[in-house]
Amino acid sequence: MSGTKSGGHADDPFQEGGGSLLRQPKAVWATAGASVVAFMGIGLVDPILPSIARGLHASDSQVSLLFTSYFLITAFAMLVTGFVSSRIGGRRTLLAGLALVVVFAALSGMSGSVGELVGFRAGWGLGNALFVSTSLAVIVGAAAGGSAAAILLYESALGLGMACGPLLGAILGDMKWRYPFFGTAVLMAIGFVAITAFLKEQPRPARKTSLLDPLRALGHGGLASAAVAAFFYNYAFFTVLAFTPFVLDMSPYSSGGVFFAWGVLLAVFSVLVAPRLQHRFGSLKVLGGSLLLLAADLLVLGYGDHTTAVVCTVLSGALIGLNNTVFTELALGVSDAPRPVASAGYNFVRWFAAAAAPFLAPRIEEWTDLHVPFVVAAAAAVAGAGIVAVRRRTLTIEAAEPAPRHAAQDGVSAFAN
């Protein structure tokens, strides 16, 4: 996987059924639309973190727990989602996830303390995990025109949601910090109604997934190496997402604009650029290079002036988009475990870093100064690159023959799964 190249368009996700991208059943559009909102929820609070801190009389480190609780629950939920969906079916799993998001997003908007808000975000994380982990499989199963068209639609929804989440948070949050949460609840309720109306139940897998299957899959050296490397990478990623808004200290509109541009680059490099770079250079070279560039970007972000910090924040979206795609391919292609099981085990490990970074970064700043959290994040990115380099043989042993494939072709989103 690291160095193999192929000719033609076998690895191009835009070839198969590309002309059918916009001619999809209503069920696909309903699920894709709800997916946009689900991904919006991840970055929704970015531009309003300072406003929430002021509104609830909380410290930066307390407000950062909004990410920690969300992703800590998401990590554990990865062990549960396959267990649930293989028993009750994809449609019911989607609806259960949407219902939880609607309830907990609305409760988040009514929070009277930062403790309540952190708790409600945890419930939101469970709902989002159930929905996001199931939505891609449902879209592929219901789509017309081939899987490539369906995957492109899904990843477009991912990018649109990641880009628009901060923008919606800024627009509604500029009026009142509670409004983005109510807005998300309304949009997800619309998604619930649309999926109820248009999506039929999907076929259930022949074999039910157990709670321990993802943990057993981590016994494979290659998958374990990819998961640990991704853990360090995700620490760097979520230092940018959860800590940088406090550093930029901008108005909700300005912060939302910065993270909108960040999300656009993330989407473009994940969907358009990563497959082409992998095809030319190989997955591991792209991954190692992008991790080292991310480390350099974080150091400049931490020590530069305000304008430099804004530019580096936006540019980090491109590197994060590359890393998300390649890491997912490694996780899915390096072992012989079924892809949903391998994905669950991999994500169980890496999402702990998404919970740790928002918790630790503001505390490191309190113990030291503003620069050190970015030094730690840069060191984490370098550690990830080091693991990829040292474990190169293990990471390629199972996937040495096939040409690099875009994560979409593995049926799993580069970010969400």
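As the structure is a computational prediction, the values presented were derived from the model and not from experiment. (Residues numbered from 1 in each chain as written. Predicted model: local features only at pLDDT ≥ 70, side-chain atom pairs only at ≥ 80, totals over all residues. Heavy atoms only, no water.)

## What to know about the side chain of Thr68
Mapped onto the elements, Thr68 comes out in helix α4 (residues 65-88). Residue classification places Thr68 among the buried residues on the basis of a relative accessible area of 12%. Of the polar contacts made by the side chain of Thr68, one reaches the backbone oxygen of Ala355; its length is 2.9 Å. (Helix = DSSP H or I, 4+ residues; strand = E, 2+ residues; numbered from the N terminus. Buried < 20%, exposed > 50% of the residue type's maximum accessible area, 1.4 Å probe, protein only. Polar contact = N/O pair within 3.5 Å; in protein donor to acceptor, adjacent residues only side chain to side chain.)

## Examining the packing of helix α12 (residues 283-303) against helix α15 (residues 372-390)
It is the contact of α12 with α15, at a shortest axis distance of 8 Å, that shows an interaxial angle of 170°. Compared by their axis directions, α12 and α15 come out roughly antiparallel. Residues Leu284, Leu287, Gly288, Leu291, Leu292, Ala295, Leu298, Leu299, Leu301, Gly302 and Tyr303 of α12 pack against Phe374, Val375, Ala377, Ala378, Ala381, Val382, Gly384, Ala385 and Val388 of α15. Broken down by class, the residue content of the contact of α12 with α15 amounts to 17 nonpolar, three polar and no charged. (Axes fitted to C-alpha atoms, helices over the stretch in contact; angles between N-to-C directions. Parallel < 35°, antiparallel > 145°, perpendicular 65-115°, else oblique. Contact = heavy atoms within 4.5 Å. Nonpolar A, V, L, I, M, F, W, Y, C, P; charged D, E, K, R; others polar.)

## Some words on unusual backbone geometry
Positive phi values are uncommon outside glycine, yet His57 reaches one of about 55°. Relative to the assigned elements, His57 resides in the loop between α2 (49-55) and α3 (60-63). By relative accessible area, which is 75% here, His57 ends up exposed.

## Details of the packing of aromatic side chains
In total, this model carries 18 aromatic pairs according to the counting rule given. Where Phe67 meets Phe71, the ring centres are 6.4 Å apart and the plane angle is 5°; that geometry is what we call stacked. With a gap of four residues between them, Phe67 and Phe71 both fall in helix α4, about one helical turn apart. Summarising the burial analysis for this pair, Phe67 and Phe71 share the class buried. An angle of 75° between the planes, with centres 5.9 Å apart, marks the rings of Trp124 and Phe181 as edge-to-face. Residue Trp124 is found in helix α6 (residues 114-142), and its partner Phe181 is found in helix α8 (residues 179-198); the two are separated by 57 residues along the sequence. Judged by its relative accessible area of 0%, Trp124 is buried. Through a chain of ring-to-ring contacts, three or more aromatic side chains come together here, namely Phe67, Tyr70, Phe71, Tyr233, Phe237, Phe238, Phe259, Trp262, Phe327 and Trp351. In this structure, Arg87 is placed above the aromatic ring of Phe83, and the distance from its NZ or CZ to the ring centre is 3.8 Å. Directly above the ring of Phe67 sits Arg121, whose terminal nitrogen or CZ lies 5.9 Å from the centroid. (Phe/Tyr/Trp six-rings, centres within 6.5 Å; stacked < 30°, edge-to-face > 60°. Lys NZ or Arg CZ within 6 Å of the ring centre and 35° of its normal.)

## Some thoughts on the environment of Gly123
Relative to the helices and strands, Gly123 resides in helix α6. Classification of Gly123 by relative accessible area gives buried; the value is 11%. Between the alpha carbons of Gly123 and Ser69 there is a distance of 8.7 Å; along the sequence they are 54 residues apart.

## Section: helix α10 (residues 221-248)
Here α10 spans 40 Å end to end across 28 residues, near enough to the 40 Å set by a 1.5 Å rise per residue. If you look at α10, its biggest bend is around 40°, right at Ala242, and the proline Pro245 turns up within four residues after that. Counting buried positions over the 28 residues of α10 gives 23, a clear majority of the element. Just downstream of α10, Asp249 is the residue with a positive phi angle, here 50°. (Expected span 1.5 Å × (residues − 1). Bend = angle between axes of the 7 residues up to and from the residue.)

In short, shape yes, function no, at least from these values alone.
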